[in-house]
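Tertiary structure, described
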Protein chains: 2
Amino acid sequence: MSILVVGSVFFDSIETPHGKVERALGGAATYFSVAASFFAPVRMVAAVGEDFPHHEVEFLSKRGIDLSGLQTRPGRTGYWAGRYHEDMNHRDTLDLQLNVFAEFQPRLPPSHRDAQYVFLANIDPRLQAMVLEQLAAPGVVGCDTMNHWITGSRGELEQLLSRVGILIINDEEARLLSGERNIVRAARRLLAMGPRRVLIKRGEYGVIQFSADSVFAVPAFPLEEVFDPTGAGDAFAGGFMGEIARSGDLSEAGLRRAIVYGSVMASFVVEDFGMARLRTLTAETIQHRYRQFVSLTDIDGA
Amino acid sequence: MSILVVGSVFFDSIETPHGKVERALGGAATYFSVAASFFAPVRMVAAVGEDFPHHEVEFLSKRGIDLSGLQTRPGRTGYWAGRYHEDMNHRDTLDLQLNVFAEFQPRLPPSHRDAQYVFLANIDPRLQAMVLEQLAAPGVVGCDTMNHWITGSRGELEQLLSRVGILIINDEEARLLSGERNIVRAARRLLAMGPRRVLIKRGEYGVIQFSADSVFAVPAFPLEEVFDPTGAGDAFAGGFMGEIARSGDLSEAGLRRAIVYGSVMASFVVEDFGMARLRTLTAETIQHRYRQFVSLTDIDGA
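Computed from a predicted structure; not experimentally measured.

Concerning the overall build of chain A
If you tally the helices and strands in chain A, you get eleven helices and 13 strands. Relative to the compact-globule value of 19 Å for 302 residues, chain A shows a C-alpha radius of gyration of 18 Å, a close match. A total of 302 residues make up chain A; the buried ones form 60% of that total. In chain A, of all internal contacts separated by at least 6 residues, the share reaching a separation of at least 24 is 64%.

This is the structure in structure tokens:
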């Protein structure tokens with residue numbers, strides 16, 4: 001089945017210790033969509049400016065991404081510039097121009113209202129809620145957020161979380177949102193806010209999933225070079241939700257395999273700048289790395 | 001088969017956000033020995049002062065630890081006092097009195113010279129080398145070290161590493177010793193120094209093992225409370241080497257299981273101050289947590 005995502009499309013200028021790239025295609029909805037498109041048809045709801053180049057529309061379309069929910073608005077596409085520190089776990093924002101994204105209001109084409117698998121990428125929780133209100137009867141709703149909304153729109157965010165099945169955030173956000181330093185206690189608090197699953201992204205240390213009665217931890221794929229961490233979290237969410245939409249398997253085992261596919265997609269994204277690596281990726285390469293993940297984590301295996 | 005360990009026995013005064021303890025039994029050789037004793041007979045080579053209490057000798061003996069290599073010397077047992085920060089990843093040393101440990105020279109009883117499984121806990125690499133020279137034909141040699149020796153005795157340490165099969169250090173030490181920030185590149189460099197296996201301890205993120213042709217990563221057990229991280233790394237090494245000595249299984253699968261047993265022992269140690277938790281631990285509880293680790297990491301399981 002297809003998966004619907006709502007979020008940002010940006011151009012990113014990125015500097016890391018390994019080099020730099022100017023105005024590369026980016027944004028949470030973009031990373032999510034491209035990663036998810038390897039697993040299931042994707043419907044993207046977002047806004048770009050009149051400067052959005054035709055060849056990127058073509059790239060997204062060719063990946064099977066339905067762009068009927070992509071609004072082209074007067075003005076320019078959002079723009080972000082950032083620089084990563086030596087350890088890659090921290091970055092400075094050098095420039096941020098919301099442009100058309102400032103006025104973005106998600107409006108779903110009627111054809112999208114039957115969506116069963118939905119991902120609310122990191123945007124204002126009021127807009128995330130607007131999406132849910134336009135859906136007939138969503139089955140699986142995943143959601144991301146960030147520090148800005150946790151501190152500035154906590155009430156709206158908490159209201160949203162009571163309607164979300166799977167929360168996907170990083171460890172810092174989990175601590176801030178829960179008020180707990182310890183990650184297990186943080187996850188318990190977040191589960192109490194509504195979601196049935198909480199997936200906590202830990203960067204180079206991988207992902208840990210909590211439900212009421214299970215915990216699953218998977219390491220990140222050990223890479224000799226991380227060129228650019230931008231988009232890794234969104235590609236993780238894309239691989240994860242995409243695989244769920246493909247399989248329809250919401251069992252513990254199904255979700256665990258989806259978490260590994262998410263980790264696979266994140267491991268590719270960081271191997272090159274922006275989403276360059278995703279542009280050349282094949283299904284075969286994805287399966288190969290999935291098997292490497294099995295070997296990396298299998299206690300009885302080799 | 002039995003396992004021989006050489007290292008320190010100390011008294012520790014420890015303060016964490018959860019409380020404090022005064023003059024608790026500690027030291028790398030102690031944590032290692034007690035953890036390993038759940039798997040195999042242990043021979044401990046270390047030095048204590050005349051103040052070392054009889055009930056601790058009894059405790060260690062009852063755990064099947066052969067103390068014929070434990071020297072009792074004129075003076076006092078080594079003493080360390082430390083305070084952990086809120087995040088438990090950092091600690092300050094408040095007091096350090098080497099006492100009899102300052103003059104420690106490992107002398108193996110003749111009965112120990114046939115040792116097949118050997119762990120050189122964190123002491124001066126010159127002393128670690130002295131141990132190897134007293135052994136007839138050691139089969140499996142594991143080794144730990146720390147920043148102090150990496151910067152101060154690099155030559156001696158590198159010479160030692162060419163004679164060591166398994167290096168067990170933490171991520172900071174791996175970076176310092178290799179000169180590489182990236183942990184995969186660091187491990188490759190360390191393998192090139194001699195060891196056939198490098199195990200890198202990552203605290204709350206678990207352990208990652210590298211050999212020439214395999215990588216294995218296991219998360220730490222997610223705990224709601226970490227009372228005191230002291231000794232976790234040494235208990236890991238004890239469970240790991242103890243299980244290898246028990247099974248004699250040096251296959252990839254055998255080593256992976258041993259890494260999980262090491263992680264199990266570390267997860268217990270941090271649940272209480274000093275080695276309090278190890279004093280009440282049972283084989284059954286260890287097996288139960290081993291199964292929890294399998295469930296925590298099994299991609300296809302639940």
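Structural notes on the packing of helix α1 (residues 28-36) of chain B against helix α8 (residues 232-247) of chain B
Residues and elements named next belong to chain B. Remark: α1 packs on α8, axes separated minimally by 7 Å, with the N-to-C direction vectors making an angle of 40 degrees. By the angle class used here, α1 and α8 are oblique. As α1 packs across α8, the resulting crossing turns out to be right-handed. Along the contact surface, α1 presents A28, Y31, F32, A35 and A36, while α8 presents D234, A235, A237, G238, G239, M241 and G242. Per-class residue counts for the contact of α1 with α8 are eight nonpolar, three polar and one charged.

Some remarks on the confidence of the model for chain A
Per-chain confidence: chain A averages 96 in pLDDT, with 100% of residues scoring 70 or above. As a predicted assembly, this complex carries a pTM of 0.96 together with an ipTM value of 0.93.

Some remarks on helix α5 (residues 154-161) of chain A
Residue and element names in this part refer to chain A. Looking only at α5, the buried set comprises L157, L160 and L161. The buried side chains of α5 occupy one side of the element, clustering within an arc of 100 degrees when seen end-on. Buried-residue contacts for α5 involve β8 (117-120), α3 (125-133), β9 (140-143), α4 (147-152), β10 (166-170) and α6 (171-178).

Here's the deal with helix α3 (residues 125-133) of chain B
Residues and elements named next belong to chain B. Taken as a whole, α3 has its buried residues at P125, L127, Q128, A129, V131 and L132. Packed against the buried residues of α3 are β1 (3-6), β8 (117-120), β9 (140-143), α4 (147-152) and α5 (154-161). Where α3 begins, one side-chain oxygen reaches toward the backbone nitrogen of R126, 2.8 Å away; that side chain belongs to D124.

A closer look at the layout of surface pockets
All names here are of chain A. What the second largest pocket holds in volume is close to 270 Å³. Counting residues per element, the lining of the second largest pocket draws most heavily on helix α11 (residues 283-297), which supplies four residues. Along the lines of polarity and charge, the residues of the lining of the second largest pocket split into eight nonpolar, three polar and five charged.

A look at the relation of the copies chain B and chain A
Relative to chain A, chain B is turned by 180 degrees and slid 0.0 Å along the rotation axis, the superposed coordinates differing by an RMSD of 0.0 Å. Overall, the copies show the geometry of a two-fold rotation axis.

Focus: the pattern of salt bridges
Residue and element names in this part refer to chain A. For the coordinates displayed, the defined rule picks out 40 salt bridges over all chains. R189 is the partner of E180 in a salt bridge, and the nearest nitrogen-oxygen pair spans 3.2 Å. The exposure class assigned to R189 is partly exposed, which follows from its relative accessible area of 45%.

Some points on the sheet that holds strand β2 (residues 10-16) of chain A
All names here are of chain A. Spatial strand order, β3-β2-β6-β7: four strands in an open sheet with mixed pairing. With one partner strand each, in any of the chains shown, β3 (19-26) and β7 (91-97) form the two edges of the open sheet. Adjacent strand axes in the sheet meet at a mean angle of 15 degrees when their direction is disregarded. Where strand β6 (residues 78-84) and β7 come together, six bridges link them in antiparallel fashion. Looking at the pairing, Y84 lines up with R91 of β7.

Thoughts on the interface of chain B and chain A
Interface size, as often reported, equals the accessible area lost upon joining of the parts. Every contact between the two is made by 37 residues of chain B and, on the other side, 37 residues of chain A. Carbon and sulfur atoms make up 54% of the area that chain B and chain A hide from each other, which totals about 3,100 Å². Of all residues in chain B, the largest losses of buried area upon contact with chain A belong to Y205, E224 and I299 of chain B, amounting jointly to 23% of the total for that side. At the boundary of chain B with chain A, the tally comes to six salt bridges. Among the salt bridges present, the one from R188 of chain A reaches E224 of chain B, with a minimum N-O distance of 3.6 Å. Seen at the junction of chain B and chain A, the total is 14 residue pairs in polar contact (both at pLDDT 80 or more). Elements supplying a minimum of two residues to the side of chain B that touches chain A: α6 (171-178), α7 (183-192), β13 (215-218), α9 (252-269) and α11 (283-297) of chain B. In terms of residue count, α11 of chain B provides more of the side of chain B that touches chain A than any other element does, six residues in total.

Quick word on the sheet that holds strand β4 (residues 42-49) of chain B
Residues and elements named next belong to chain B. As summarised here, the arrangement of the nine strands in space is β5-β4-β1-β8-β9-β10-β11-β12-β13, forming an open sheet in which the pairing is mixed. One side of each edge strand has no neighbouring strand; the edge strands of this open sheet are β5 (65-73) and β13. In this sheet, adjacent strand axes meet at a mean angle of 15 degrees when their direction is disregarded. Here four bridges tie β8 to β9, and the two strands are oriented parallel to one another. Within β9, the position partnered with Y117 by the bridge is V140. On the sheet, α9 packs against β11 (197-201), β12 (207-210) and β13 and is oriented at approximately 25 degrees with respect to β13.

Describing the nonpolar core
One finds V9, M44, F240, M265 and I286 of chain A together with F210 of chain B to be the most contacted residues of the largest nonpolar core, which totals 110 residues. Considering each element in turn, this core owes the most residues, ten residues, to helix α9 (residues 252-269) of chain A.

Considering unusual backbone geometry
The residue N99 of chain A is not glycine, and still its phi comes out positive at about 50 degrees. Mapped onto the elements of the fold, N99 of chain A is located in the loop between β7 and β8. Looking at N99 of chain A, the relative accessible area reads 29%, which means it is partly exposed. The phi angle at R23 of chain B is positive, at roughly 50 degrees, despite the residue not being glycine. One can find R23 of chain B in strand β3 (residues 19-26). Owing to a relative accessible area of 35%, R23 of chain B belongs among the partly exposed residues under this scheme.

Describing the environment of R197 of chain B
Residues and elements named next belong to chain B. Note that R197 resides in strand β11. R197 sits in the buried class, given a relative accessible area of 14%. Between the alpha carbons of R197 and G238 there is a distance of 16 Å; along the sequence they are 41 residues apart. In this structure, R197 is in contact with G165, I166, L167, L191, Q209, F210, S211, S214, E252 and L255, ignoring residues within four places of it in sequence. A polar atom in the side chain of R197 sits 3.4 Å from the side chain of Q209.

Describing the environment of Y84 of chain A
Residues and elements named next belong to chain A. Locating Y84 in the fold gives a position in strand β6. Here Y84 falls in the buried class, since its relative accessible area comes to 7%. When the C-alpha positions of Y84 and R189 are compared, they lie 31 Å apart, and in sequence the two are 105 residues distant. Residues contacting Y84, with those up to four places away along its chain left out, are I14, E15, T16, P17, H90, R91, D228, P229 and T230. In this structure the side chain of Y84 is engaged in a polar contact, spanning 2.8 Å, whose partner is the side chain of R91.

Scoring rules and cut-offs
- Residues numbered from 1 in each chain as written.
- Chains lettered and ligands numbered in written order.
- Predicted model: local features only at pLDDT ≥ 70, side-chain atom pairs only at ≥ 80, totals over all residues.
- Heavy atoms only, no water.
- Helix = DSSP H or I, 4+ residues; strand = E, 2+ residues; numbered from the N terminus.
- Rg over C-alpha atoms; globule rule 2.2 N^0.38 Å.
- Buried < 20%, exposed > 50% of the residue type's maximum accessible area, 1.4 Å probe, protein only.
- Contact = heavy atoms within 4.5 Å.
- Axes fitted to C-alpha atoms, helices over the stretch in contact; angles between N-to-C directions.
- Parallel < 35°, antiparallel > 145°, perpendicular 65-115°, else oblique.
- Left-handed = near helix turned anticlockwise from the far one by under 90°.
- Nonpolar A, V, L, I, M, F, W, Y, C, P; charged D, E, K, R; others polar.
- pLDDT = per-residue confidence, 0-100.
- Arc of directions from axis to C-beta.
- Polar contact = N/O pair within 3.5 Å; in protein donor to acceptor, adjacent residues only side chain to side chain.
- 1 Å grid on protein atoms, 1.4 Å probe; cavity = no way out; pocket = protein on both sides within 12 Å on 5 of 7 lines; lining within 4 Å.
- Points joined across faces, edges and corners; volume = space filled by probe spheres on them.
- Least-squares fit on C-alpha atoms with pLDDT ≥ 70 in both.
- Salt bridge = Lys/Arg side-chain N within 4 Å of Asp/Glu carboxyl O.
- Pairing = 2+ DSSP bridges.
- Buried area = accessible area lost by both parts, 1.4 Å probe.
- Core = buried A, V, L, I, M, F, W, Y, C linked by side-chain atoms within 4.5 Å.

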